[in-house]
Amino acid sequence: MSHDLSSVGAGFSHEAFGSQAVFRSALQALSHPGRCIPVEHDAELPRHGNAAAAVFLLAMLDADCGLWLSPSLQGSDAAMWLRFHTGCQLVEHAAMAQFVWVGAGDPLPALQSLRQGSDECPDQSATCVVDVGSLSASADADAQHWTLSGPGIREQATLSVTGLPSDFAEQWAHNHAGFPRGVDLFLATHDQLVGLPRTTRIHTPVEA
């Protein structure tokens, strides 16, 4: 498929510094599960996909990475932007990908169907990035509201999320139970990331 590369927005103004800044935000998000971490960057963003997800992938992908995109992102300017700047390989099936990006409103592939890694090489699992409508530590109306526990969380944390399927907490319980196998996941808005490493427990949602 041919594309007009003249329409592709720029990446980070300084590739190394920009990638390092976003990587630090992502690391902070994984180190403190459930905490809303701001993501700052100077990249020219594609029109499709949430910005925090786009720049996270811009920082993480390279030519050796397989990326699966959900239907609303396939064939979009976001796909072309990431291919141009990172050289990543777009794969047809989510189960083949090292990174999975799910656009807002698209079905979430079953977490169990993604690369799980192995007991010997748990790092060979997939990282999933999901665009959501909102993230908050408070109990927002119309949101799934959870309590979280696990490494990196002092006692417990609270998180409200809009834009996830109703069975997400159940899927996550199965993902957590497979430790050390399982996927790590990021939730992304326009300017924030929340990390959910496989070690994090999502407790039964409570009423907001």
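Everything discussed here concerns the structure shown above.
Here the structure is a predicted model, which is why all the values come from computation and not from measurement.

## Some words on the pattern of salt bridges
Point 1. Considering all chains together, one arrives at 3 salt bridges under this definition.
Point 2. Note that Arg 47 is salt-bridged to Asp 77, the shortest N-O span being 3.8 Å. Here the residue Arg 47 occupies a position in the loop between strand S1 (37-38) and helix H2 (51-60), and Asp 77 occupies one in helix H3 (residues 77-86), the gap between them amounting to 30 residues.
Point 3. Taking relative accessible area as the criterion, Arg 47 reaches 70% and is therefore assigned exposed.
Point 4. Judged by its relative accessible area of 15%, Asp 77 is buried.
Point 5. One salt bridge connects Asp 184 with Arg 198, and the closest N-O pair in it is separated by 3.0 Å. One end of the pair, Asp 184, is in strand S9 (residues 184-188); the other, Arg 198, is in the loop between strand S10 (192-196) and strand S11 (201-202), with 14 residues separating them in the sequence.

## Quick look at the pairing of S9
Point 1. Among the 5 residues that make up S9, 5 are buried, leaving the element largely enclosed by the rest of the structure.
Point 2. Along S9, one buried face is formed by Asp 184, Phe 186 and Ala 188 and the opposite face, lined by Leu 185 and Leu 187, is buried too.
Point 3. In the sheet, strand S5 (residues 127-131) pairs with S9 via 5 bridges, with the strands oriented parallel. By the bridge assignment for S9, Thr 127 is matched with Asp 184.
Point 4. Here 4 bridges tie S9 to S10, and the two strands are oriented antiparallel to one another. Across the sheet, the residue bridging to Ala 188 is Leu 193, located in S10.

## Quick notes on the environment of Leu 187
Point 1. Along the chain, the position of Leu 187 falls in strand S9.
Point 2. Along the primary structure Leu 187 and Gly 163 are separated by 24 residues, whereas in three dimensions their C-alpha atoms are 9.9 Å apart.
Point 3. Not counting residues within four places of it along the chain, the set of residues in contact with Leu 187 comprises Val 130, Val 132, Leu 135, Leu 159, Val 161, Leu 164, Gln 192, Leu 193, Val 194 and Leu 196.

Calculation notes
- Residues numbered from 1 in each chain as written.
- Predicted model: local features only at pLDDT ≥ 70, side-chain atom pairs only at ≥ 80, totals over all residues.
- Heavy atoms only, no water.
- Salt bridge = Lys/Arg side-chain N within 4 Å of Asp/Glu carboxyl O.
- Helix = DSSP H or I, 4+ residues; strand = E, 2+ residues; numbered from the N terminus.
- Buried < 20%, exposed > 50% of the residue type's maximum accessible area, 1.4 Å probe, protein only.
- Pairing = 2+ DSSP bridges.
- Contact = heavy atoms within 4.5 Å.

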